[in-house]
Amino acid sequence: MPVRLANHVAAEKVRGAVGGGQPDPRVAALHSSGKTLGRAIFSQLASHYVVLTTVIAAIVRLPTLGSKSFWYDEIISVAIAQEPIQTILSARLQMGASEAAFDRLYSTHPPLHFLIIHGMLHFSSNEAVIRLPFAMAGIATIPLAARVLTRLFGTPIAAAATLLLAVSPLTVAYSQEARPTALLVFFSMAALYALLQGVDHGRRRDWWCLAICGSLAIWTSYSALIAVIPMLVAVWLVLQGKELWCRHVSWSAFVRGPGLAFSVMALATLPLMRDLLTLAHWNQVEVTEPSAGWIAQAQSILVLATVLVAPIPKLGVFALIPMMLPLIGGYAVLRRLQRAEVAATAGVLCPLAILIAIQSSHFVQLRYFLPLLPLLIGILVSGMKYLVHPLQR
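The rules behind each value
Residues numbered from 1 in each chain as written. Predicted model: local features only at pLDDT ≥ 70, side-chain atom pairs only at ≥ 80, totals over all residues. Heavy atoms only, no water. Helix = DSSP H or I, 4+ residues; strand = E, 2+ residues; numbered from the N terminus. Buried < 20%, exposed > 50% of the residue type's maximum accessible area, 1.4 Å probe, protein only. Contact = heavy atoms within 4.5 Å. Salt bridge = Lys/Arg side-chain N within 4 Å of Asp/Glu carboxyl O. Core = buried A, V, L, I, M, F, W, Y, C linked by side-chain atoms within 4.5 Å. Patch = residues over 30% accessible without salt bridge, like charges linked within 9 Å, V, L, I, M, F, W, Y side chains within 5 Å. Areas by Shrake-Rupley, 256 points an atom, 1.4 Å probe, with all protein chains shown as cover. Expected span 1.5 Å × (residues − 1). Disulfide = S-S within 2.5 Å. Axes fitted to C-alpha atoms, helices over the stretch in contact; angles between N-to-C directions. Parallel < 35°, antiparallel > 145°, perpendicular 65-115°, else oblique. Left-handed = near helix turned anticlockwise from the far one by under 90°. Nonpolar A, V, L, I, M, F, W, Y, C, P; charged D, E, K, R; others polar.

Student: Hey, could you run me through the overall build of the chain in this one?
Tutor: Looking only at helices and strands, one finds 19 helices and zero strands in the chain. When the 393 residues of the chain are sorted by exposure, 45% land in the buried category. Considering only residue pairs separated by 6 or more positions, the chain has 77% of its internal contacts joining residues 24 or more positions apart.

And the structure:
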């Protein structure tokens, strides 16, 4: 606003207050037009925030994709992926592979990301080329998360949460390595979006999308069984659970919908069961002290919360602020008792409780929490909005 015009507005406000009269109508019209313009700009940004945040996600991921050499885990993945597809599948699924081949191609992950790397090796062995599918999965997660968060929290919270997700150092780092984490987050968000579409519209194609994306998540990482599947079940039960017990519920529609989707995911898990049971037997670790497990879990959650807002590893006492925001957001969501937001909170708390139970005796790596990250950011932004909203009155 020009200086002379600003002085005129202030003078009119004082004149109205001192003289007991009303300010100049031109000033009121100016304020009204300013608010209208602000709303119009915000509306335009909100309508294009999905495109903007996706572009930002691409900018912070792609240019530096090949700036670092493969690290140890990536070297193992590339070495396994260099084998023929039949050898990879027989060793990882334990179907006809020799003991020597199984030991040589041993990994704690299902074979999907090895097959993707195998395909990229036909084009180039360059780091950027090998990592490109995983970076694209990280970028594609942004519009999916935007759809999910808009459905659960509304556009303002979804826009802020999606921006945080796009620039979070944690998500950027996992998107720039040839490992299954970025794929897991992408497939889990795709499965959750398909679930929400199925609940809202009941279309068969949505349930088939849920079945396919959930199965791909399981073939990407076994952690999908302890994070993605409980998240989907918790969200579905909150959004649709009451209708299941109504008198007029169509159980045939239930069987054709979510029943079919989860049955397909169960069938997709069957070829992996022998490898999964072998890994569970081979990876037995010594039971830690319960207190050590709880401390490690608290540290993981603290890192997950703080890394969203700042890449500084040591924030001291200030680290308590972002840690408290998800708790405040969860309280705000549950206090409003809006079914969609409560479903999102349940989708975080249910698998989080499972991970905490596992953490009490075993070490759980931070990447296992990543499928919950978009919903956790939504709850975090809800906490920020809950704190700021009284100040706007």
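Picking up after the structure, the text goes on.
Student: Sorry if this is basic, but what is going on with the pattern of salt bridges here?
Tutor: Side-chain pairs of opposite charge can arise whenever the charged atoms involved come near each other. Tallied over the entire structure, the rule returns five salt bridges. The partner of D275 in a salt bridge is R92, with the nearest N and O atoms 3.0 Å apart. Placement of the pair is D275 in helix α15 (residues 273-282) and R92 in helix α5 (residues 85-92), with a sequence separation of 183 residues. Residue classification places D275 among the buried residues on the basis of a relative accessible area of 0%. A relative accessible area of 0% places R92 in the buried class. Measuring nitrogen to oxygen at the nearest pair gives 2.9 Å for the salt bridge that ties R203 to D206. In this structure D206 comes out as buried when scored by relative accessible area, which is 7%.

Student: Whenever I open this one, the nonpolar core confuses me. Can you help?
Tutor: The nonpolar side chains of soluble globular proteins are, as a tendency, buried together. Residues L152, L192, L195, L210, L232 and L375 are the most contacted members of the largest nonpolar core, which totals 78 residues. By size, the runner-up hydrophobic cluster in this structure holds five residues, among which are I80, A91, L105 and F114.

Student: Can you walk me through a nonpolar patch on the surface in this structure?
Tutor: On the surface, V51, V55, I56, I59, V60, L163 and V167 cluster together into a nonpolar patch covering about 530 Å² of accessible area. Counting only elements with at least two residues in the nonpolar patch, the list comes to α3 (49-61) and α9 (155-167). Among the elements that make up the nonpolar patch, the one with the highest residue count is α3 (five residues). The residue V55 is located in helix α3 in this model.

Student: Before we go on, may I ask you to explain α9 in this structure?
Tutor: Because an α-helix completes one turn every 3.6 residues, residues spaced three or four positions apart along the sequence face the same direction. With 13 residues, α9 extends 18 Å between its outermost C-alpha atoms, agreeing within 8% with the 18 Å of an ideal straight helix rising 1.5 Å per residue. What α9 keeps buried is the set I157, A158, A161, T162, L164, L165 and A166.

Student: Got a minute to help me understand the state of the cysteines in this structure?
Tutor: Defined simply, a disulfide is a covalent bond joining two cysteines at their sulfur atoms. Taken as a whole and judged by the stated rule, the model has zero disulfides. No disulfide involves C213; its sulfur sits 6.0 Å from that of C209, the nearest cysteine.

Student: Would you explain helix α7 (residues 112-121) in this entry?
Tutor: Those residues of α7 not exposed but buried are L112, H113, F114, I117, H118 and M120. At its buried positions, α7 is contacted by α4 (72-81), α5, α8 (127-153), α11 (181-201) and α12 (204-220).

Student: Looking at this structure, I do not really get the packing of α11 against helix α13 (residues 228-240). What am I missing?
Tutor: Helix packing geometry: the angle between the two helix axes and the distance between the axes. Running from N to C, α11 and α13 point in directions that differ by 20°, and their axes come no closer than 10 Å. With respect to each other, α11 and α13 are oriented roughly parallel. Between α11 and α13 the crossing geometry is right-handed. For the pair α11 and α13, contact is made by L184, S188, A191, L192, L195, L196 and V199 and by V228, M231, L232, V235, W236, L239 and Q240, respectively. Each residue belonging to the contact of α11 with α13 can be placed in one class, and the counts come to 12 nonpolar, two polar and no charged.

Student: In this structure, what is going on with the packing of α4 against α7? I would like to understand it.
Tutor: Direction vectors running N to C along α4 and α7 enclose 70°, while the axes themselves pass 8 Å from each other. Viewed along their axes, α4 and α7 adopt a mutual orientation that is roughly perpendicular. The segment α4 lies against α7, with S77, V78, I80 and A81 engaging H113, F114, I117, H118 and L121. Taken together, the residues of the contact of α4 with α7 sort by class into six nonpolar, three polar and no charged.

Student: Just checking my understanding: could you explain the side chain of T141 for this structure?
Tutor: Assignment of secondary structure puts T141 in helix α8. Exposure remark for T141: the relative accessible area of 5% places this residue in the buried category. For T141, the contacting residues outside a window of four places in its chain are A182, V185, F186 and M189.

Structural measurements only, silent on function.
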